[in-house]
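Coordinates in review
Each chain, written out:
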Amino acid sequence: MNYWLLKSEPDVWSIDQQIKSGSKGAPWDGVRNYQAANNLRSMKKGDLCFFYHSNIGKEIVGIVEVIKEAYLDKTDKTGRFVAITVKFKEKLKKSVTLEEIKKNKELSQLSLIKQSRLSVMSIDSKSWKILLRMSKT
């Protein structure tokens, strides 16, 4: 299993909207950065992703699971980009803010810090466990 982080602006798509999508999940689409799109292509069914509220909040708020691997993004008229489908798994007991993440030296290598504009990124298993501990989940 691989771990990921997906960013969404909560006024566009929030964790609460993801929860309402139920077991059928919702497409994670609209990604137009090639590196982020390649990350979507690498995701496998069953992979887990942190759900990160960007711009407003700047914090990890929950976990979603990949339930459908990469397919053509219907919102992309060029046919170059892909989407995946994710379903809600759980809300974190305590949100983990970007500020807290930056303060943890063990997480200094995360793309979230090094490539702050990247919207879909991998998370190594050690960092995943650290972030879960920080969230008290």
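Residues numbered from 1 in each chain as written. Predicted model: local features only at pLDDT ≥ 70, side-chain atom pairs only at ≥ 80, totals over all residues. Heavy atoms only, no water.

What about the nonpolar core?
- Residues Leu-6, Trp-28, Leu-40, Met-43, Phe-50, Ile-60 and Leu-131 are the most contacted members of the largest nonpolar core, which totals 39 residues.
- Looking at this core, the elements with two or more residues in it are β1 (3–8), α2 (34–42), β3 (48–53), β4 (59–72), β5 (82–97), α3 (98–103), β6 (120–123) and α5 (125–135).
- Excluding residues within four positions of it along the chain, Leu-40 makes contact with Leu-6, Trp-28, Val-31, Ala-70, Val-82, Ile-84 and Val-120. (Core = buried A, V, L, I, M, F, W, Y, C linked by side-chain atoms within 4.5 Å. Buried < 20%, exposed > 50% of the residue type's maximum accessible area, 1.4 Å probe, protein only. Helix = DSSP H or I, 4+ residues; strand = E, 2+ residues; numbered from the N terminus. Contact = heavy atoms within 4.5 Å.)

Describing the pairing of β5
- Strand direction decides the pairing type here: strand β2 (residues 26–28) and β5, joined by 3 bridges, are antiparallel. Of the residues in β5, the one forming a bridge with Pro-27 is Thr-85.
- Relative to β5, β4 is paired through 10 bridges, and the arrangement is antiparallel. Paired with Glu-65 across the bridge in β5 is Lys-87. (Pairing = 2+ DSSP bridges.)

Some details on α5
- Residues Ser-127, Trp-128, Ile-130, Leu-131, Leu-132, Met-134 and Ser-135 constitute the buried set of α5.
- You can read the cap of α5 off the contacts: a side-chain oxygen lies 3.2 Å from the backbone nitrogen of Lys-126, and it is on Asp-124.
- Remark: Lys-136 follows α5 within two positions and exhibits a positive phi of approximately 60 degrees. (Polar contact = N/O pair within 3.5 Å; in protein donor to acceptor, adjacent residues only side chain to side chain.)

Looking at the side chain of Ser-135
- Note on placement: Ser-135 falls in helix α5.
- From its side chain, Ser-135 meets the backbone oxygen of Leu-132 in a polar contact 2.7 Å long.
- At 2.8 Å, the side chain of Ser-135 forms a polar contact with the side chain of Thr-137.
- Once residues within four sequence positions are removed from consideration, Ser-135 is found in contact with Leu-92, Lys-93, Lys-94 and Val-96.

By themselves, these figures tell us nothing about what the structure is for.
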